[in-house]
Amino acid sequence: MLLLLLLAVVGPLHAEALTPMRAQTLPSLNTESPLIGLARVQGRAIALTRDGAWSLEEGASAWAPLPWPAQTKVSEVVSLVQDGERAYLLLGQGAQRMATQVVQLSLRDGAIVLRPLAPLPLALRDARGALSAEAFYVAGTAGDGTAHLLQLNFEDERPHWAPLTPWPGGGAASSLVAQTKALFAVVPAASGGDRVLRWSAEPGWTEASRAPGRVVPGSGRAIGQAHILYLVEEGAEAGAAAKIATYQTITASWATLPGAQAAHSIATAAWPDGLIWAQAGADGREIAFASAQVQSSKLRLHWLDWVVIVVYLAGMIGIGLYFYLREKRSSTSNFFVGGRTIPFWAAGISLYAANTSSISFIAIPAKAFETNWQYMANNVIAVFGLMFVAVWIVPLLRRLDLMSVFSYLETRFHPSIRMLASALCVFVQIGSRMSVILFLPALAIATITGISVFWSVILMGGFTIVYTAMGGMKAVIWTDFVQVIVKMGGAIFAIGFMIWSLRGGFGEFWSAAMAENKMHTFDFSFDLTKATVWGFIFLVLFEVVLTFPKDQVLMQRTLSTKSDREAGRSIWAFAAIMIPGGIIFYTIGTALFVYYKANPERMNPLLPIDATFPMFIAAELPVGVTGLIIAGIFAAAMATLSGIMNSVATLISVDFYEKLAKNRTPKQSVFFAEIMTVVVGLVGIATALVLSRFDIHSLFDVSIELAGLLGGGFAGAYTLGMFTRRANSPGVAIGIGASIVLTLVIWSFDMVHPYFYLAISILLCIVIGYVASLFFPAPTRSLKGLTIYRDRASDV
């Protein structure tokens, strides 16, 4: 009823641009020589005319001449290709002005330096170029009028030009831009106007869009991760008033940015967060310049949003305080595994909460917005993996009455293996997983709202420390329960709001999603470079079935249940939630696609794709609901963080303190665990703040690499212990050491994608560990209850 009331009172959205342009007039260049091209290189504006080169530094009041290399004539420049940082010249000779040579333009000691690249394999008329991080593209028409597209890969040992399939229909391209791993060419349409064609390695050239007017030749530039800025003239004739428009490469939609116009532009170039263009002076004796930049303002939270966030955080503290006052705190079992009294359904929901981190809350909608539902296949396949875990693995470990899952390695093999595995787990959880889970949502929220990264990290980390240290595992599980309700409730409201905001309602949402194939889920091809069903089966085998036993964060919840049967049922509950939960998050991404396709002016071209959902939350949702969903993002992070803090504190206490401390009491053990919870949380916060100074993508990759490099070997040890009778301590130790060393070798040579390190490490440990075990005596003690072969008392 509350959701319906909110939907009823919210008025229709105004189609206003979220990011206007700020125009600025730049100094004119006093010359009568025609302008050849314009670029921005190393922070300076560079203008090339028939009689020389000129530069304009930021804040300067006049253009300064630049020395030009004697070996090349300025008159040979046919076209200038640039992206705001780099610049290349296409050179040619003769009256037809056909490009044959390519040189890189850079600045050194205040002078222009030209470095030649491989010559073009054929001369091209009306040549246009585009730059990506990996390649240089040149398009044009040959002497016989046929279109050609060439690519030079910068990463090749000997870069050379390779032909690509030219665009269909022929004709010269007026603009060529590289964006989102694709090329976008503007070519004239047979019926008049311009059309935008898109090229990628698969499926090649496709019709992307029709331009809303005449695109000024050479005016396109990539901005952000998924936008292109163009100057678009409203009239059919060249020289008409041109507006600055954005083309969104994912939704293929256009939006006009108010605040600046460019009429009679003769050259354009990339400028910080915008464009710079040149116009012929009225008297013909000078060239005028102007620029426009996208203005991106922070969307401050309303006081009501802050009230919602504060109420949520106070509720989490209240749950922790309740269990602190209720429990006597004299038993480690109460603090670490909730006295083994947790209902299976609560443990299952907590498992889902821990598995659905803030990264998933932000990244999954962004992935579905950009592509489709192919990664949803992983959820479906993971359910079958969880079934195996529920039947075979969890009951085995639950019967051992553990608090640390690494106790199994001591019972099955040797105490040293247990302690080393536990220490590496603590390092990976704090150093890579916890810090990234804190930092990523903080960055996304700071990008959109007035909450800084620092305060987001402090809020999430600080409040999680307090209620986790006070309430132990019971507080973790019951706050997880509340947090699932908060984040899923907010997610469902966001979906309903987006669909309700569309003019055609659910019918428009469904037809647009189906037309763009946005809900495509299962890909049965054998292409290992794509998200296929076979790849997910491979990943689930290694990342769910074989690694679940070593995941203290997840296993500790199942160990908190009342019995073996309840432990297995908690996994079934987890599996039952996974598919509908995944559908909700992927539907958010699809709804974002349809919403922004209908309202492209509401996008911020400067923000990364991962910020799409947070941007919608801050800019579009009603007051109060924004606070609720930001609380949901906090909840997604805090649910995972509380589990990590409690689990790491458990490992430090059970695997190290209780084994090394003499004459300790249960109350001392609980107090030590509380202190360790606080210490772990503070270290995680500090690490997140330190890592905030680095590139977010590299941090995420590092966390994946660490998990594979250091965690795979011990997952293999569990596999050898549970699924074989012949594995022994020396053989497993050799397998663990060899798998870590060999995986590090593979990592050092960058032989495979980091996602495969975990599977490779597990396979190496299993194969090497089993073979090595054959050279040592078979275990002579009873392995009853330590392997999946429960009916046998001995392996001899």
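Summarised in this report is the structure supplied together with it. (Residues numbered from 1 in each chain as written. Predicted model: local features only at pLDDT ≥ 70, side-chain atom pairs only at ≥ 80, totals over all residues. Heavy atoms only, no water.)

**Some remarks on the pattern of salt bridges**
As enumerated under the stated definition, the model contains 11 salt bridges in all. Of the charged contacts, one joins R569 and E566 as a salt bridge, the two residues approaching to 3.2 Å between their closest N and O atoms. With R569 and E566 both in helix α13 (residues 564-598) and three residues apart, the pair spans about one turn of that helix. (Salt bridge = Lys/Arg side-chain N within 4 Å of Asp/Glu carboxyl O. Helix = DSSP H or I, 4+ residues; strand = E, 2+ residues; numbered from the N terminus.)

**Considerations on the nonpolar core**
The biggest cluster of nonpolar side chains holds 154 residues, and the ones touching the most others in it are Y312, Y408, L409, F613, F616 and F634. Ranked by the residues each element gives to this core, the list is headed by helix α15 (residues 625-660), at 19 residues. Residues contacting Y312, with those up to four places away along its chain left out, are Q483, V486, A631, F634, A635 and M638. Residues I46, V74, L80 and L107 belong to the second largest nonpolar core, which totals 19 residues. (Core = buried A, V, L, I, M, F, W, Y, C linked by side-chain atoms within 4.5 Å. Buried < 20%, exposed > 50% of the residue type's maximum accessible area, 1.4 Å probe, protein only. Contact = heavy atoms within 4.5 Å.)

**Topic: empty space enclosed by the protein**
Applying the stated criterion to the full structure yields three cavities of 30 Å³ or more. Space inside the largest cavity adds up to approximately 80 Å³. Surrounding the largest cavity, 14 residues form its lining, H227, M603, L607, P608 and I609 being those nearest its centre. (1 Å grid on protein atoms, 1.4 Å probe; cavity = no way out; pocket = protein on both sides within 12 Å on 5 of 7 lines; lining within 4 Å. Points joined across faces, edges and corners; volume = space filled by probe spheres on them.)

**What about α13?**
Between the first and last C-alpha of α13 there are 52 Å, a value that for 35 residues agrees with the 51 Å anticipated at 1.5 Å per step. Remark: the principal bend of α13, roughly 30 degrees, maps to M578, with a proline, P580, within the next four residues. (Expected span 1.5 Å × (residues − 1). Bend = angle between axes of the 7 residues up to and from the residue.)

**Thoughts on the packing of helix α4 (residues 344-355) against α13**
Interaxial distance between α4 and α13 falls to 7 Å at its minimum, and their mutual angle equals 45 degrees. The orientation of α4 relative to α13 falls into the category oblique. The element α4 and its partner α13 pack so that their crossing is right-handed. Across the interface between the two elements, F344, A347, G348, I349, L351, Y352 and N355 from α4 touch E566, R569, S570, I571, A573, F574, I577, M578, G581, G582 and F585 from α13. Of the residues contributing to the contact of α4 with α13, the split by class is 11 nonpolar, five polar and two charged. (Axes fitted to C-alpha atoms, helices over the stretch in contact; angles between N-to-C directions. Parallel < 35°, antiparallel > 145°, perpendicular 65-115°, else oblique. Left-handed = near helix turned anticlockwise from the far one by under 90°. Nonpolar A, V, L, I, M, F, W, Y, C, P; charged D, E, K, R; others polar.)

**Quick notes on the pairing of strand β22 (residues 253-263)**
Where strand β21 (residues 241-248) and β22 come together, seven bridges link them in antiparallel fashion. Each residue of the ladder has a partner; that of Q248, found in β22, is S253. Counted along the chain from β21 to the antiparallel partner β22, the turn is four residues long, and its residue A252 has a positive phi close to 55 degrees. (Pairing = 2+ DSSP bridges.)

**Topic: the environment of F406**
By the element assignment, F406 lies in the loop between α6 (376-399) and α7 (407-412). Under the relative-accessibility criterion, F406 is labelled buried at 2%. The contact partners of F406, leaving out residues within four places of it in the chain, are R418, A421, S422, C425, K550, L651, D655 and Y718.

**Digging into the packing of aromatic side chains**
Summed over the entire model, instances satisfying the criterion amount to 32 aromatic pairs. Summarising the aromatic geometry, the rings of W373 and Y586 are spaced 6.1 Å apart at their centres and angled 45 degrees between planes, so their arrangement reads as tilted. Taken together, the residues W373 in the loop between α5 (358-370) and α6 and Y586 in helix α13 connect sequence positions 213 residues apart. The residues W373 and Y586 share a single accessibility class, namely buried. Ring plane angle 25 degrees and centroid distance 6.1 Å describe the contact between F493 and F497, whose orientation is recorded as stacked. Note that F493 and F497 are positioned in helix α9 (residues 453-501) at a spacing of four residues, about one turn of the helix. Here F493 matches F497 in class, with each residue buried. Pairwise contacts between aromatic rings join F493, F497, W500, Y595, Y596 and F616 into one cluster. In this structure, K518 is placed above the aromatic ring of F593, and the distance from its NZ or CZ to the ring centre is 4.3 Å. One Lys or Arg, R569, reaches over the ring of F344 and ends 4.1 Å from the middle of that ring. (Phe/Tyr/Trp six-rings, centres within 6.5 Å; stacked < 30°, edge-to-face > 60°. Lys NZ or Arg CZ within 6 Å of the ring centre and 35° of its normal.)

**Quick look at the sheet that holds strand β2 (residues 35-41)**
Taken in spatial order, the four strands make up an open sheet running β2-β3-β4-β5, and their pairing is antiparallel. Pairing within the sheet leaves two strands with one partner each, and these edge strands are β2 and β5 (64-66). With direction set aside, neighbouring strand axes in the sheet form an average angle of 30 degrees. Pairing geometry for strand β3 (residues 44-49) and strand β4 (residues 52-56), over five bridges, is antiparallel.

Geometric values such as these leave the question of function open.
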